[in-house]
2 protein chains.
Amino acid sequence: MTAGEPARRRANGSGAPALEWLFHPRSIAVVGVPSGDPRGGNFLRALRALGYDQNHALYPVNPRLPRAAGLPCYPSLLACPGPVDHVISQVPAHAVPELVEHCVERGVRSLQLFTAGFSETGDAERARIEQQAVARARSAGIRVIGPNCMGLYVPDERIAFTGNPPPDAGGVFLLSQSGVHAADLIFRLGAIGMRFSKVVSYGNGADLAAHDFLDYAADDPQTTVVGAYIEGVPDGGAFARALRRCARTKPTIVLKAGTSEAGARAVRSHTASLAGSASVFEALCRQAGAQLVQSMAELRQTLIALTSSAGRVRGPRVVMLSSGGGVGVLATDALSRAGLDVPELPGGTRRELASFIPVAGTSNRNPIDAESFGGRGAGEGDAERRRGILSAVARSGVADVIVVSPGIVQGAHGSRVPWRDDAPAAAEPGEAREEARAFASDLAAAQEEAGCPVLYVGRDRIWGDLGPDLEMERALYAAGIASYGSIESAASVLRRMLDWRSRREGWPALF
Amino acid sequence: MTAGEPARRRANGSGAPALEWLFHPRSIAVVGVPSGDPRGGNFLRALRALGYDQNHALYPVNPRLPRAAGLPCYPSLLACPGPVDHVISQVPAHAVPELVEHCVERGVRSLQLFTAGFSETGDAERARIEQQAVARARSAGIRVIGPNCMGLYVPDERIAFTGNPPPDAGGVFLLSQSGVHAADLIFRLGAIGMRFSKVVSYGNGADLAAHDFLDYAADDPQTTVVGAYIEGVPDGGAFARALRRCARTKPTIVLKAGTSEAGARAVRSHTASLAGSASVFEALCRQAGAQLVQSMAELRQTLIALTSSAGRVRGPRVVMLSSGGGVGVLATDALSRAGLDVPELPGGTRRELASFIPVAGTSNRNPIDAESFGGRGAGEGDAERRRGILSAVARSGVADVIVVSPGIVQGAHGSRVPWRDDAPAAAEPGEAREEARAFASDLAAAQEEAGCPVLYVGRDRIWGDLGPDLEMERALYAAGIASYGSIESAASVLRRMLDWRSRREGWPALF
């Protein structure tokens, strides 16, 4: 959809029409585009880069500029030639009250205040201006997002707040009070191939807040998984209701910030939010059936699990395939610490593995030390051996999940080391990429044969080009296989998935 | 030193002369160099790449080859033309007994059995061969390292077991039953600039075991810090005594593997070691004043701390400087969870910071949101601002440690995104490296001014070239500043340093 009545997109009658307008504006004005940047500042640049103006009206506003980033620029919102659905404000805080009046006059439907310097400063006068501006907008039917926020990324509508996010859409809905965290999730998860339905950075949340976005996400037919970074909620009851409704229909993950005393103080300075009690919040998530996580890494890892096979793990039995005996030993310790099992393989499987694995320096019991498995300069013989090992494990019948870890640091073998200019360079990037794709395809086949998730623990690359590693992660993710940077992360994700599933027993199965 | 009597190197009378011979052999024979590899297999290649044969005799042995890797090859150890101090065995297990007889005949002082397929297979007959071969060697005064191990990396003697390790030496001594873990530590830590006195991978430890290496490290004048990866100890009493002696004189960190039941089984398959009781081992490390860690990541992080200023942290008060409000909020939560304080800054410092930090969207209380601090495309104005902020914090008087986290993912801004070939590319690598060095130099100056450690939490790069990031880490490490990949890691290292120091109260100060 590129224009028209947003309400038509709604799948059922329980959604929030106001947010349909927010996510599907027919036109946008960027008010206060900076004079100093020939590309029109962050928002205009991002919208043009993604192509919003190809199908919609886009109006830069700045009385001192005739044109901005190649578009005609208008002296005021009132001067924009067509109807304006959505306004992005880059004007300073003191100019916001007048802008709100203009929005009312022009029948604007939603206003995003990128503008900061309001209640989060701790200044009473600035807080009052925020409150009055938002109240005035609300009274005229205008919904406000922010202040102090980056706003919207809606790939299907070509709306973005930062340069070059993925141009295509997917099923993950993100809400985040922090713009940096929203961008971090878009780019990191986007890099491996995750795609988003809508992303919203809503800052202080003076009007639209977490419960509004959860309500929307619950009904949004494009959204399959919901992730949230929340510093505080203005209305605990509304939040609890919205979270429950959303988490019953879609996997919903919440990262709550400000759980410590010092963190709560930081939250007040950041988005003027009241962090509230950490234990109350935890109980609330538990009762709602949502997953509460503690760090951005856990949020990312859980989102990856829920959009890959890892989210479907059904039991604690891990078959661990590694390269290097010590790697398998530590992996087994880490899995055990997370309460997972690493059961011995049946005799038949071990006999089958013995034909692929030499007796010296390796093991076929579980963990399996498959020596240079998926490793350096593998030829076709190595690839056949790898497929044989994977197939034997897939048919062993004892795995709830197969974890594969080459375990050896990238750059150690082959790459040009940073302390020797004359050392031999790494394999050709093209070759390494080819090998990565072949490995990913073998793991995908093993996953199909095993009928249980395969999970990959990547090697860290410490120097050189990340291209081949990213290629591997992307190929795996495209095949539905989750990839994590350490066995500790993998173990903790699996543990949390199993716990989450058991807490939701008797409820609709979501993953 | 390149030749002569190793015993001369000994700093005092309490060392182990046998190990001086091991670490300083005047000549090496590599027996069983593979016929298929024109470069002479792993060991010959590694020794030649580092230049061992430039100052010592190096004898490849294989009856089927006239030459190996450009050196004359001998049909048997007995045929080597000069005295042989050290033998590296690449022959199969069944050929080891004969090789031991040859070693006795030739007056060899130490034998490294890369050869695997002994007791770790669980086969009684193979275990018996291992036991007999080792006993025979010992009875003739030959010390054995292995079997099932990679052996030695001694930079000053140009001895290596893997291609292209750092050619220069430093103060870190590593002992590891696993060869993969030893290599991992050498390359990962070597990449940021850490250097090693000696590294030893000793596999099954049938003769030389952890206590021998700890005894040596305790007395080795070149060694300042000791790290150990241990799967099992054959003699608990000897190990306890050696660990106590070593840990009283040098910071000593132990990663114990096989702490879980399944992990202990994996340990038996890997190095035929008995993992023993995890709680007994923990008590033993505690009593000895050593630091026990649980993962390779923790081992690496602790080694970095102890060879940088982070190891000198004296109290729990953290001043947190980040770019992006949400980053600071989560960092504060993570630091608080680790039991560290994030105290409010004094009014004077806050007023000073206010001149550098705009009121909108940032905070100067602690955490400090210094917006695009150390960030993207910083010009000279930005650098001046950065130095002003750092200096104000350095003089605040409330920091036991200053943690700096740009917080924003690399690749998000500037780099060519993996989903758009036509997107603008990253800044020139040269430019990014220059900026990294300038940032590192500012942090080093701040550390000097503050008189307390500065610690850096890096951005993850998710695509593109790791060069500039590695340059940054190297510049920081060279200036004595530790760098970690996440705030959680940084917080946990600081917590463990403080706990370790308090447990050692009343003992000699080591860090």
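Residues numbered from 1 in each chain as written. Chains lettered and ligands numbered in written order. Predicted model: local features only at pLDDT ≥ 70, side-chain atom pairs only at ≥ 80, totals over all residues. Heavy atoms only, no water.

Visitor: Now, about the sheet that holds strand S7 (residues 143-145) of chain B: what can you tell me, with residues and values included?
Guide: All names here are of chain B. Strands sit in the order S2-S1-S5-S6-S7 across an open sheet of 5 strands; the sheet is parallel. The open sheet terminates on both sides in strands that have one partner only, identified here as strand S2 (57-61) and S7. Ignoring strand direction, the axes of neighbouring strands in this sheet form an average angle of 15°. Relative to strand S6 (residues 110-113), strand S5 (residues 86-89) runs parallel, the two being bridged by 4 bridges. What sits directly across from His86, in S6, is Ser110. (Pairing = 2+ DSSP bridges. Helix = DSSP H or I, 4+ residues; strand = E, 2+ residues; numbered from the N terminus. Axes fitted to C-alpha atoms, helices over the stretch in contact; angles between N-to-C directions.)

Visitor: Explain the pairing of strand S18 (residues 454-457) of chain A residue by residue, including any values.
Guide: All names here are of chain A. Taking every second residue as pointing to the same face, both faces of S18 are buried, with Val454 and Tyr456 on one and Leu455 and Val457 on the other. Two strands pair when backbone bridges link them, and strand S17 (residues 401-405) and S18 are joined in this way by 3 bridges, in the parallel orientation. Looking at the pairing, Val403 lines up with Leu455 of S18. When S18 meets strand S19 (residues 482-484), the two strands line up parallel, connected through 3 bridges. Residue pairing across strands places Val457 opposite Tyr484, the latter belonging to S19. (Buried < 20%, exposed > 50% of the residue type's maximum accessible area, 1.4 Å probe, protein only.)

Visitor: Describe the interface of chain A and chain B, listing the residues and the values that go with them.
Guide: Every contact between the two is made by 81 residues of chain A and, on the other side, 82 residues of chain B. Summed over both sides, the interface between chain A and chain B buries roughly 6000 Å², with carbon and sulfur atoms accounting for 61% of that surface. Across the chain A-chain B interface, the total number found is 0 salt bridges. Linking chain A with chain B are 19 residue pairs in polar contact (both at pLDDT 80 or more), by the criterion used here. Where the side of chain A that touches chain B is concerned, the elements lending two or more residues are helix H6 (179-192), strand S12 (252-256), helix H9 (261-271), helix H12 (325-337) and helix H16 (467-478) of chain A. Partitioned by chemical class, the residues of the side of chain A that touches chain B number 35 nonpolar, 28 polar and 18 charged. (Contact = heavy atoms within 4.5 Å. Buried area = accessible area lost by both parts, 1.4 Å probe. Salt bridge = Lys/Arg side-chain N within 4 Å of Asp/Glu carboxyl O. Polar contact = N/O pair within 3.5 Å; in protein donor to acceptor, adjacent residues only side chain to side chain. Nonpolar A, V, L, I, M, F, W, Y, C, P; charged D, E, K, R; others polar.)

Visitor: So what about the pairing of strand S1 (residues 27-31) of chain B? Which residues, and what values?
Guide: Residue and element names in this part refer to chain B. Within S1, 5 of the 5 residues are buried, which leaves it mostly tucked inside the rest of the structure. By the bridge criterion, 5 bridges tie S1 to S2 in an arrangement that is parallel. Residue pairing for S2: Ala29 is matched across the bridge by Tyr59. Where S1 and S5 come together, 4 bridges link them in parallel fashion.

Visitor: Give me the pattern of salt bridges: which residues, what numbers.
Guide: All names here are of chain A. Under the criterion given, the structure shown has 52 salt bridges over all chains. Residue Glu344 pairs with Arg350 through a salt bridge whose shortest N-O separation is 3.8 Å. A single network of salt bridges, built from pairs that share partners, joins Arg138, Arg143, Asp207 and Asp212.

Visitor: I'd like a description of the packing of aromatic side chains, backed by residues and values.
Guide: Each pair of aromatic rings is reported with the distance of its centres and the angle of its planes. The final tally for this structure, using the stated rule, is 20 aromatic pairs over all chains. Measuring from centroid to centroid gives 5.7 Å for Tyr59(B) and Tyr74(B), while their planes differ by 85°, and the two rings are edge-to-face. Placement of the pair is Tyr59(B) in strand S2 and Tyr74(B) in the loop between strand S4 (71-72) and S5, with a sequence separation of 15 residues. When its relative accessible area of 18% is taken as the criterion, Tyr74(B) is described as buried. With a centroid separation of 4.6 Å and an interplanar angle of 40°, the aromatic rings of Trp500(B) and Phe511(B) are classed as tilted. Of this pair, Trp500(B) sits in helix H17 (residues 487-503) while Phe511(B) sits in the segment after H17, placing them 11 residues apart in sequence. Phe511(B) matches Trp500(B) in its accessibility class, with the two residues each being buried. One aromatic cluster is present, formed by Phe23(A), Phe173(A) and Tyr216(A) through successive ring pairs. Of note, Arg109(B) hangs over the ring of Trp21(B), and the distance from its end group to the ring centre comes to 3.4 Å. Over the ring of Trp507(B) we find Arg248(B), and its NZ or CZ is 3.8 Å from the ring centre. (Phe/Tyr/Trp six-rings, centres within 6.5 Å; stacked < 30°, edge-to-face > 60°. Lys NZ or Arg CZ within 6 Å of the ring centre and 35° of its normal.)

Visitor: Describe the state of the cysteines, with residues and values.
Guide: All names here are of chain B. In this structure the tally under the stated criterion is 0 disulfides over all chains. Of the cysteine sulfurs around Cys149, a residue in no disulfide, the closest is that of Cys103, at 14 Å. Here Cys149 falls in the buried class, since its relative accessible area comes to 3%. (Disulfide = S-S within 2.5 Å.)

Visitor: Explain the relation of the copies chain A and chain B to me, using residue names and the numbers behind them.
Guide: Under the fitted operation, chain A is carried onto chain B by 0.0 Å of movement along the axis and a turn of 180°, and the coordinates agree to an RMSD of 0.0 Å. Taken together, the rotation and translation relating the two chain copies correspond to the operation of a two-fold axis. Considering only C-alpha atoms, the part of chain A nearest the rotation axis is Asp465(A), at 2.2 Å. Of all interface residues in chain A, 100% are interface residues in chain B too; the two copies therefore contact each other through one and the same surface. (Least-squares fit on C-alpha atoms with pLDDT ≥ 70 in both.)

Visitor: If you had to explain H9(A) to someone new, which residues and values would you point to?
Guide: Of all 11 residues in H9(A), 9 are buried, a share of seventy percent or more. The complete set of buried residues in H9(A) reads Ala262(A), Gly263(A), Ala264(A), Arg265(A), Ala266(A), Val267(A), Ser269(A), His270(A) and Thr271(A). Summarising the contacts, the buried residues of H9(A) are in contact with helix H12 (325-337) and strand S15 (363-364) of chain B. Just past H9(A), the residue Ala272(A) takes up positive phi, approximately 60°.

Visitor: Give a detailed account of the confidence of the model for chain A, specifying residues and quantitative values.
Guide: Here chain A shows a mean pLDDT of 90. Residues at 70 or above account for 90%. Low pLDDT, under 50, characterises residues 7-15 of chain A; the stretch is placed with 16 contacts to residues that sit more than four places away or in other chains. (pLDDT = per-residue confidence, 0-100.)

Visitor: Explain the sheet that holds strand S17 (residues 401-405) of chain B to me, and be specific about the residues and the numbers.
Guide: Residue and element names in this part refer to chain B. If you trace the 6 strands from one edge of the open sheet to the other, you get S15-S16-S14-S17-S18-S19, paired in mixed fashion. One side of each edge strand has no neighbouring strand; the edge strands of this open sheet are S15 and strand S19 (482-484). Pairing between S15 and strand S16 (residues 368-369): 2 bridges, direction antiparallel. Paired with Asn364 across the two strands is Ile368, which belongs to S16. Packing against the sheet, H12 makes contact with strand S14 (318-322), S16 and S17, and its axis sits at approximately 155° to S14.

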